[in-house]
Amino acid sequence: MAKMLTRSATMPRFSVWMKQCQQKVPDVAKQRYPSLQKKLSEVYDVCVVGAGIVGVSTAWKLQEQGKKVIILEANRVAQGTTGYTSAKITSMHKIKYSVVEGKFNTEAAKLYGKANEDAIHEMERIVKENQIECEWRKCKHALIAANEDELKQVKEEFEAAVRAEMPASFVDNHPDVPFKHLGAMVFDNQVAVNTYSYCMGLTRLLSEKNVDVFEQSRVVDVTSEKEKPHVIKTEDGGEVNAHSVVISTHLPILDRGGHFAVTNPSRSYCIVFSLTDNSKLPQDMHITANDRNLSFRKTSLNGDELVLLCGAGHKLGEMFHHQTPEDCYKELEEFARLNWPLKEIVTSFSSHDYYAADQVPYIGYLHHGTDSIYTATGMGKWGLAWGHAAGKIITELIVEGRSQYTDIFDARRWDLVHSMVDMAKFQALVTKHFVGDRVKDQFGAPDIEDLPLGCGGIVKDKEHGVCAAYKDETGKLRKYSANCSHLGCHISYNNAEKSFDCPCHGSRFDMHGDVLHGPAVKPLKKLE
């Protein structure tokens, strides 16, 4: 029997960081850059594709080294994942040091930690020297154990973090935590920040330092090593020539490195709410050790202090015990009401991240055979400190041809020793969706006539068979191929965000079929 399509009742939906930036630094929030629609005659040292935390940080490091840089952003600066995060700049990445130490060795765990700690200190220097208004606040970051199994895991992580020379301590009770727990690992001198304000402020400084910035300029092709300088082409006819190219698009839009096969997209959700008693506001940052990854910290909006709660994540297309993405928001709301004197939900938003098969990011040369195309991906949910660290590593490779981090984080590695099991799981999941979703949709997709107003879905149409469709508030239907324009997996409809999402590699499309998030660079095929 086909699943009935229903229209979801939604919470307010906007990024708290963008709204906060608009209120506190409106001149920065209003900054816009032109679209590239022509061929530029200048040959650049480096073209950076993507203006999230990785792209902006890389451009900053490169201009410090005297490189002539151009940035091409498909949408708007920092309005991808960077603008929809929990906004923690931290070296405490949940259960990480024990994993890296186990897969590699203690020295690898030390390098992992050093890269992130150095990034925190360097970002702080940039903020202070350039007076970037971004709500920069030093605080602690705690990993919370709620039961005996989690306590054992957290203590093991604490011991590994100490061996990695991280600023870690262990406490039996954290006064910030509103629910019963058995202990917590705490990292000192971590940072709560508005990442959108940070990136917007940094990009404005880059523009003032003669870095050329273009928005609404989606890159669709980069010529290979055989043609140098590289020619970078945009969908609207823009062309750039550059000796080196940095693909900082979350997951590389170029498939030459095969990173879509060694990373796994995961979606998570956030709600922001006020309290009836502000004495209950958390002063530090926190995350639970369980698989729901519940992360909380305080923030503010309209002069009111608020709590940001994130988590309830799942592999893209795999809804855990939920039926729809909207249920993930409801899970967060229920957790908030259970543990805080919740007054009002102010907003909610979501984003997704990519996990590397061996648990450490891929940073450096895009693939074997290139010495001039670079990338960074697979940072999990810890891309803010890693984003800056990636910019530093890539800049070292471009300027010096080497980096102390290359052996561990090399983006070209296909490390079967450390990642065979996870790689097999990733590909099994892709196969499940590529084949299984087609079968499921063929037999289980509802009729297009059953689509409610203001709703989308994968449906059966008499003319086109199984397809993706959206019915607007006037009853007008838009129909698209159900195949993702990246590598052809069947997409699914996300009722919470009104988007079509690819469960295989994380591409997302809006109700008009246009690309919201790569690696896809082409829209969904329209069906007349």
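Everything below is about the structure printed above this text.
Remember, predicted model here, so these are calculated numbers, not experimental data. Residue positions are given per chain, counting from 1 as you read along its sequence in written order. With pLDDT at 70 or above as the cut-off, local features in this predicted model cover only qualifying residues; side-chain atom pairs require 80 or more to be listed or tallied, and sums for whole chains, interfaces and linings still use all residues. Derived side-chain values reflect all non-hydrogen atoms in the structure, with water molecules and hydrogen atoms excluded from consideration.

Draft legend 1. Molecular detail of the pattern of salt bridges. Only one rule defines a salt bridge in this text: a Lys or Arg side-chain nitrogen within 4 Å of an Asp or Glu carboxyl oxygen. According to the stated counting rule, one finds 27 salt bridges in the structure shown. One salt bridge in this structure joins Glu326 and Arg13, with 3.1 Å as the shortest N-O distance. Of this pair, Glu326 sits in helix H8 (residues 325-339) while Arg13 sits in the segment before helix H1 (16-24); the two residues are 313 residues apart in sequence, bridging distant segments of the chain. The class for Arg13 is partly exposed, based on a relative accessible area of 26%. The salt bridge involving Glu331 is made with Arg292; its shortest N-O contact spans 3.1 Å. One end of the pair, Glu331, is in helix H8; the other, Arg292, is in the loop between strand S12 (285-288) and strand S13 (295-301), with 39 residues separating them in the sequence. Any residue under 20% of the maximum accessible area for its type is buried, any over 50% is exposed, and the rest in between are partly exposed; the area is computed with a 1.4 Å probe on protein chains only. What makes Glu331 buried here is its relative accessible area of 17%. The class for Arg292 is buried, based on a relative accessible area of 8%. Through salt bridges with shared partners, one network takes in Lys61, Glu64, Glu122, Arg125 and Glu129. In DSSP terms, a helix is any run of H or I states spanning at least four residues, a strand is any run of E spanning at least two, and both are numbered starting from the N terminus.

Draft legend 2. Region of interest: the sheet that holds strand S19 (residues 465-471). Strands qualify as paired when DSSP identifies two bridges or more between them. Within the open sheet, the three strands sit side by side as S18-S19-S20. Their pairing is antiparallel. Looking along the sheet, the strands with just one partner apiece sit at the ends: strand S18 (455-461) and strand S20 (477-480). Averaged over all pairs of adjacent strands, the angle between their axes in this sheet comes to 35°, without regard to strand direction. Pairing analysis gives four bridges linking S19 to S20, with the strands arranged antiparallel. Considered in S20, the bridge of Ala468 is made with Tyr480. For helices, the fitted axis covers only the stretch in contact; all axes are lines through C-alpha atoms, and the angles between them, taken along N-to-C directions, range from 0 to 180 degrees.

Draft legend 3. Examining helix H7 (residues 195-208) more closely. Between the first and last C-alpha of H7 there are 20 Å, a value that for 14 residues agrees with the 20 Å anticipated at 1.5 Å per step. Burial of H7 is extensive: eleven of the 14 residues sit out of reach of the surface. Every buried residue belonging to H7 is among Thr195, Tyr196, Ser197, Tyr198, Cys199, Met200, Gly201, Leu202, Thr203, Leu205 and Leu206, and all of these are buried. Pairs of N or O atoms within 3.5 Å make up the polar contacts considered here, provided that, within protein, one atom can donate a hydrogen while the other can accept it, and that residues adjacent in sequence are counted only when both atoms are side-chain atoms. Sitting at the amino-terminal end of H7 is Asn194, which places a side-chain oxygen 3.0 Å from the backbone nitrogen of Tyr196. Two residues or fewer after H7 comes Asn210, characterised by a positive phi angle close to 70°. What a helix should span is 1.5 Å times the count of its residues minus one.

Draft legend 4. Broad picture of the state of the cysteines. Pairs of cysteine sulfur atoms within 2.5 Å are what we label disulfides. One pass over the full model with this rule turns up two disulfides. One disulfide bridge connects Cys489 with Cys504, the sulfur atoms lying 2.0 Å from each other. When the S-S torsion is -95°, as for the bridge of Cys489 with Cys504, the disulfide is left-handed. With Cys489 in the loop between S20 and strand S21 (492-494) and Cys504 in the loop between strand S22 (499-501) and strand S23 (508-509), this pair connects stretches of sequence that are 15 residues apart. Classification of Cys489 by relative accessible area gives buried; the value is 1%. If one numbers only the bonded cysteines of the protein chain, in the order they occur, the disulfide pattern is 1-2, 3-4. The thiol of Cys47 is not disulfide-bonded; the next cysteine sulfur, from Cys199, is found 17 Å away.

Draft legend 5. Representation of the packing of helix H3 (residues 53-64) against helix H9 (residues 383-400) within the structure. Where H3 meets H9, the axes come as close as 8 Å, and the angle between the chain directions of the two elements is 40°. With respect to H9, the element H3 is oriented oblique. The two elements H3 and H9 meet at a crossing, and its hand is right-handed. Taken together, the residues of H9 that come into contact with H3 (itself represented by Ile53, Val54, Ser57, Thr58, Lys61 and Leu62) are Gly383, Leu384, Gly387, His388, Ala390, Gly391, Lys392, Ile394, Thr395 and Ile398. In the contact of H3 with H9, the residues fall into seven nonpolar, seven polar and two charged. In these notes the angle categories are as follows: under 35 degrees is roughly parallel, over 145 is roughly antiparallel, 65 to 115 is roughly perpendicular, and the rest is oblique. Two helices that cross are described as forming a left-handed crossing if the nearer one is turned anticlockwise from the farther one by less than a right angle, and a right-handed crossing if clockwise. In what follows, a contact means two residues having at least one pair of non-hydrogen atoms within 4.5 Å. Polar here means any residue outside two lists: the nonpolar Ala, Val, Leu, Ile, Met, Phe, Trp, Tyr, Cys and Pro, and the charged Asp, Glu, Lys and Arg; Gly therefore counts as polar.

Draft legend 6. Local environment of the sheet that holds S22. Pairing is antiparallel across the open sheet formed by four strands, whose spatial order is S21-S22-S23-S24. With one partner strand each, in any of the chains shown, S21 and strand S24 (515-517) form the two edges of the open sheet. As paired elements, S21 and S22 share three bridges and run antiparallel to each other. Within S22, the residue paired with Ser492 across the bridge is Asp501.

Draft legend 7. Quick peek at the pairing of S19. Where burial is concerned, most of S19 is hidden: six out of the seven residues are buried. Here S18 folds back onto S19, and the loop between the two strands holds three residues.

Draft legend 8. Up close: the nonpolar core. Core analysis: the biggest nonpolar cluster contains 93 residues, and Ile89, Tyr97, Tyr198, Trp386 and Phe409 have the highest contact counts within it. Top contributing element to this core by residue count: helix H5 (residues 106-130), with ten residues. The residues contacting Phe409, other than those within four sequence positions of it, are Leu111, Tyr112, Val360, Pro361, Tyr362, Ile363, Trp386 and Ile393. Judged by nonpolar contacts, the second largest core, of 26 residues, contains Ala142, Ile144, Tyr269 and Trp340. Only buried residues count toward a nonpolar core, which is a set of Ala, Val, Leu, Ile, Met, Phe, Trp, Tyr and Cys residues joined through side-chain atoms within 4.5 Å.

Draft legend 9. View of H3. A rise of 1.5 Å per residue sets the reference length of H3, with its twelve residues, at 16 Å; its end C-alpha atoms lie 17 Å apart and thus fit the reference within 8%. Looking only at H3, the buried set comprises Ile53, Val54, Gly55, Val56, Ser57, Thr58, Ala59, Trp60, Lys61, Leu62 and Gln63. Where H3 terminates, the next one or two residues include Gly66, which has phi positive at roughly 80°.

Draft legend 10. Fine view of the pairing of strand S14 (residues 304-315). Of all twelve residues in S14, nine are buried; the element is thus mostly enclosed. Both strand S11 (residues 263-275) and S14 contribute to a ladder of seven bridges, which runs antiparallel. The partner of Ser266 across the bridge, within S14, is Lys315. As judged from the seven bridges shared by S13 and S14, these two strands associate in the antiparallel manner. The residue bridging Thr299 from the neighbouring strand is Leu306, located in S14. With antiparallel pairing between neighbouring strands as the criterion, S13 and S14 make up a hairpin whose turn holds two residues, including Asn302 at a positive phi of roughly 55°.

Draft legend 11. Expanded view of the environment of Glu148. The topology assignment puts Glu148 in helix H6 (residues 148-163). Accessibility expressed as a relative area gives 56% for Glu148, which makes it exposed. Separated by 108 residues in the primary sequence, Glu148 and Leu40 place their C-alpha atoms 61 Å from one another.

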